[in-house]
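Chain by chain, the residues:
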Amino acid sequence: MKTSPAHIVEVRVLLAVFAALIMLTVVTVAVSYFDLGAFNLVVAMSIATIKAALVAFWFMHLRYDSGLHAFIFLVGVAFLGFFLIITMLDAVTYHPAVQTWEQSK
Amino acid sequence: MDMMVSSPTPPKSYLVDPPGLRSWLLTRDHKRIGLMFLAVISASLALGATFALLIRTELTFPGPTIVSTGHIYNRLFTLHGTIMIFLFIIPSMPASLGNFVLPLMLGAKDVAFPRLNLASLYLYVGGLIFFLLVLVLGGVDTGWTFYAPYSTSTAAPVVLAVVGVFILGFSSIFTGINFLVTIHTMRPPGMGWFRMPLFLWALYGTAIIQVLATPILAITLLLLAVERTVGIGIFDPALGGDPILFQHFFWFYSHPAVYIMILPAMGIVTEVICVFSRKHIFGYKFIAYSSLAIALIGFLVWGHHMFVSGQSPLVGMIFSALTFAVAIPSAIKVFNWLATMYKGSIGLAPPMCFSLMFIALFGIGGLTGLFLGSLVTNVHVHDTAFVVAHFHYTMAGGALMGFLAGLYYWWPKMTGRMYNLAQGQISAVLIFVGFNFTYFPQFIVGSRGMPRRYFDYTRLLDTHPEFTFYQILSTAGGFLFVGGLVMVAFVLLRSLFVGRKAPANPWGAATLEWQCSSPPPHENPPAPANVGDCYVFDDFCFDESAQGYVKVP
Amino acid sequence: MTESHIPNMQEGNDGGPDAHLAHHFSSPAQQYDAARLGMWIFLMTEILFFGGLFCAYAVYRANNPQIFVDGHRFLDKPLGAANTVLLIFSSLTMALAVRAVQLGRRRWLVGLLAITILCGLAFLGVKAIEYKHKWDHRMVPGQARIAYWFSRGETSEPLKKFQPDEAYVKERLAQAGFEDLDQAEYDQRVKHLGTYMGIYFSLTGLHALHVVAGIVAISWILVGAVRDRFGSNYFTPVDLGGLYWHLVDMIWIYLFPLLYLIH
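Criteria and thresholds
- Residues numbered from 1 in each chain as written.
- Chains lettered and ligands numbered in written order.
- Predicted model: local features only at pLDDT ≥ 70, side-chain atom pairs only at ≥ 80, totals over all residues.
- Helix = DSSP H or I, 4+ residues; strand = E, 2+ residues; numbered from the N terminus.
- Rg over C-alpha atoms; globule rule 2.2 N^0.38 Å.
- Buried ≥ 20, exposed ≤ 12 C-beta atoms within 10 Å, placed from the backbone.
- Contact = placed C-beta atoms within 7 Å.
- Nonpolar A, V, L, I, M, F, W, Y, C, P; charged D, E, K, R; others polar.
- pLDDT = per-residue confidence, 0-100.
- Core = buried A, V, L, I, M, F, W, Y, C linked by C-beta atoms within 7 Å.
- Domains from an automatic or database assignment.
- Expected span 1.5 Å × (residues − 1).
- Bend = angle between axes of the 7 residues up to and from the residue.
- Pairing = 2+ DSSP bridges.

## So, the overall build of chain B
In step 1: Helix and strand counts for chain B come out as 15 helices and two strands.
In step 2: Relative to its length of 553 residues, chain B is compact, with a C-alpha radius of gyration of 23 Å against a globular reference of 24 Å.
In step 3: Considering only C-alpha atoms, chain B reaches an extent of 75 × 50 × 45 Å along its principal axes.
In step 4: Split into buried and exposed, the 553 residues of chain B put 59% on the buried side.

This is the structure in structure tokens:
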């Protein structure tokens, strides 16, 4: 652990993070008016992830915190990711069979 | 005077200090919370076992035996399953024995969040009340898995049951958070990660599963309740929903949940086998890491419950392969136990009897699990009594035996009374014989096509006239098994009245909880400055005057 | 973990024994570490709790992308954006509140917590306007049933079916270039639209419940702050409340583009 978990964050740092969050919100709304095809989702999720990281690292002090906390957070995300990917993989693979059945009704 | 008596007045035990019912109900002492958990969990076990006997009695003869229709039978096995899983096995070892033992073993004064711990107990009681309500209202008939779309359309009070399980889930999460934080932040200076008794590693792995898996169950049940009441079209195909999605959701929790059930049992068995072989554990780090491996790999195999659900063959193959992988850490543990016992000085006190039974029965349960993990065999025996036999060999033969081993092991510490060892051994024999007579015939009838969840097998008799014989055998075994459980209760409760006072260390164990008086005082004793190896037994000798083991310098 | 890396907490204000130290911890630093670790584990469970819904979202979006494009036409983008800004601002005030308590500035703490709560309430107000709008056009899944429960039940319970205001749905779809749908096409679209609205209400409803819980928790902290229970030597509840509030914000950061900004 490099620094104390009870780190006191500077006001200007917090304000800068806030400004970045608002700016990214404006960008993501603006982008949604353009059709980027498959990249719409990628762009929207990338921006959301940057915003979430800003919140986690500065507002939630993860940057100054015990690495264990970041690790726990990432473990949660990783397990969710695994759950999501496998379930999606399955659903996408069996979906054609469901469609065939629906059309045969 | 004896050398033993060194302190002028021994501190009063946690059982009477502080006195009064109110101090018990509002206690934040992990020892009392553990003991109260033990009481309510045992009541749930009795309830679940009652339903088990009703199921067995019905299946004894072809045709309706004690229930008139399948609808009633559906309710019986659903209640048996939900009660045994959510109210008994999942909280059994972590919340009762784990709660009592964890801080003592660690050398901590309590768990990290004692209030949360008490809240966990009351949430459990709340969940139990919901289940009793369901029982009064006639029970649910969905099976313990609550599969949609049947669960969204049946007339039974599914929402009540689901809310009950939801509350129990919170209870489980609170226990998990408490254990993780306690082990991380409250180890005394001398207790490094690899000084910890292996039971704590097992509880640590269990807690990881509890906090990672239970939230998914919570959201699943919440969505199921909303789907049932208003219809949001997520699980109900009539509304455009996807019922296979429900099964993914459900098993993402419920498969790891079987490791919530089995990991603490493995931890107990590890402790007991070392102590009663008087030998250092073989391969400490392998057992420690295999607990973590089981906790993690256990998350990757949920789809093997869904091989015939309409899950795609691609994902089925992935899950089948991963299922074989989870057998590896379990096998590591079994071989390490056997190596520990090799050339040990084995004593067959009741805890050891149950631990040996665990190895034998869990071995059968685990190996038949490999049959079920391979796709082709699975399709053949899916939803047959073979599956029932398999998971009872792991859950009842594994988790329940581990629980009983732990109960017999720590009972003198918890209550301060010794039970009659011979009677304990008889109960073990009864349970072992009864268990195998109950479930082994089900492997046979299952592999020959006896479906599970059927209340009447008359039509199968044309091709399989031998089924009645096996079913009678199974029912007789079931009564013997439950008789053995009753005997356990008798032996333990009897000790409270006529048992001799337990010494501090009746088994000669080296872990910290045995180094304080039995029962422990209200305030846990402070940890020694230098925690030694908790699997070295050479320093402990039996002392005739104390009727227990004492440490020789 | 338990080294004394929090000097201002180790000492206490007057050097005396720390009144907030529970009996089973050996130092305030250990107690603080434990509380924060517990909170982070709890936050992880929250991620997985919402994760189930994100998974449902992903599965339906992968298999039926059209229903999400259809569905988002019925949401109000400006209101969603306004709510995003509100929550981000409240996160800022919460982070500033944690800073204020760490520096022992009680009046700042009280003021910032109050602003955070007001933002939370405003968020719920905007959400209520959106929900009301959906209700007026019968866009709520199971709306007939919900209405029936509140109508003291004169008729039998209606079936679970998504039956939105047909004229409204057709108007919105026409704006998107889907005019003159025949009945079969319309039925198919509406059936899936029901699932989208189901996911929308589940996600935002669950999130709104968390906002309510956050407001309750911060109000409790506010009461403590007014009574001067927190200071630079003891601020664990403010810190933990802040972590929870930021997580709620973080989830909304994902919900907004996933639900409102689909192309």
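## Section: the overall build of chain C
In step 1: Regarding its fold elements, chain C presents nine helices and zero strands.
In step 2: Taken from the N to the C terminus, the helices and strands of chain C come in the order α-α-α-α-α-α-α-α-α.
In step 3: Overall, the C-alpha framework of chain C stretches about 80 × 40 × 35 Å when taken along its three principal axes.
In step 4: Split into buried and exposed, the 263 residues of chain C put 48% on the buried side.
In step 5: Long-range pairs, those at least 24 residues apart, make up 76% of the contacts in chain C with a sequence separation of at least 6.

## Section: the interface of chain A and chain B
In step 1: At the junction of the two partners, chain A supplies nine residues and chain B supplies 12 residues.
In step 2: Residues that form the side of chain A that touches chain B fall into these classes: six nonpolar, two polar and one charged.

## Digging into the interface of chain A and chain C
In step 1: Contacts between the two partners involve 41 residues from chain A and, on the opposite side, 38 residues from chain C.
In step 2: Elements with a minimum of two residues in the side of chain A that touches chain C: α1 (11-31), α2 (39-59) and α3 (67-104) of chain A.
In step 3: The element that contributes the greatest number of residues to the side of chain A that touches chain C is α3 of chain A, accounting for 16 residues.
In step 4: Looking at the side of chain A that touches chain C, its residues break down into 30 nonpolar, nine polar and two charged.

## Section: the confidence of the model for chain C
All names here are of chain C.
In step 1: Looking at chain C, pLDDT values average 88 and 92% of them are 70 or higher.
In step 2: Mean pLDDT across the elements of chain C bottoms out in helix α1 (residues 7-11) (40) and peaks in helix α5 (residues 106-136) (97).
In step 3: The low-confidence segment residues 1-17 (pLDDT under 50) makes 32 contacts with residues lying over four places distant or belonging to another chain.
In step 4: Among the scores for the predicted complex, ipTM is 0.93 and pTM is 0.94.

## Digging into the environment of T45 of chain C
In step 1: Checked against the element boundaries, T45 of chain C lands in helix α2 (residues 28-63).
In step 2: On the basis of neighbour count, T45 of chain C is assigned to the buried category, with 23 C-beta atoms found within 10 Å.
In step 3: Once residues lying within four places of it in the same chain are set aside, the contact partners of T45 of chain C are I173, V211 and P215 of chain B.

## Section: the nonpolar core
In step 1: Core analysis: the biggest nonpolar cluster contains 291 residues, and L200 and A405 of chain B together with A97 of chain C have the highest contact counts within it.
In step 2: Among the elements that line this core, the one with the most residues is helix α8 (residues 243-277) of chain B, at 24 residues.
In step 3: Three or more residues apiece are contributed to this core by two domains, here domain 1 (1-65) and domain 2 (67-105) of chain A.

## Observations regarding the confidence of the model for chain B
In step 1: When pLDDT is averaged across chain B, the result is 94; 98% of the residues are at 70 or more.
In step 2: Within the model, pLDDT remains below 50 along residues 1-6 of chain B, and this stretch shows three contacts once partners closer than five positions in the same chain are excluded.

## What about α5 of chain C?
Residues and elements named next belong to chain C.
In step 1: Compared with an ideal rise of 1.5 Å per residue, which puts 31 residues at 45 Å, α5 spans 45 Å between its outermost C-alpha atoms and is within 8% of the ideal.
In step 2: Listed as buried for α5 are L109, L112, L113, T116, I117, C119, G120 and F123.
In step 3: Taken together, the buried residues of α5 touch α4 (77-102), α8 (183-226) and α9 (236-260).
In step 4: In the segment just after α5, R138 is the residue with positive phi, at about 50 degrees.

## Description of α3 of chain A
Given 3.6 residues to a turn, an α-helix orients residues that are three or four positions apart in the same direction.
In step 1: Taking 1.5 Å of rise per residue, 38 residues should cover 56 Å, and α3 of chain A covers 55 Å from first to last C-alpha, within 8% of that figure.
In step 2: Roughly 35 degrees is the biggest bend found in α3 of chain A, and it falls at H95 of chain A, with proline P96 of chain A one to four residues downstream.
In step 3: Within α3 of chain A the residues assigned to the buried category are H69, G76, F79, L80, F83, I86, T87, D90, A91 and Y94 of chain A.
In step 4: In this structure, the buried residues of α3 of chain A make contact with α7 (198-229), α8 and α10 (313-341) of chain B together with α2 of chain C.

## Considering the pairing of strand β1 (residues 540-543) of chain B
All names here are of chain B.
In step 1: When β1 meets strand β2 (residues 548-551), the two strands line up antiparallel, connected through four bridges. Considered in β2, the bridge of F540 is made with K551.
In step 2: Joining the antiparallel neighbours β1 and β2 is a turn of four residues, in which Q547 adopts a positive phi near 55 degrees.

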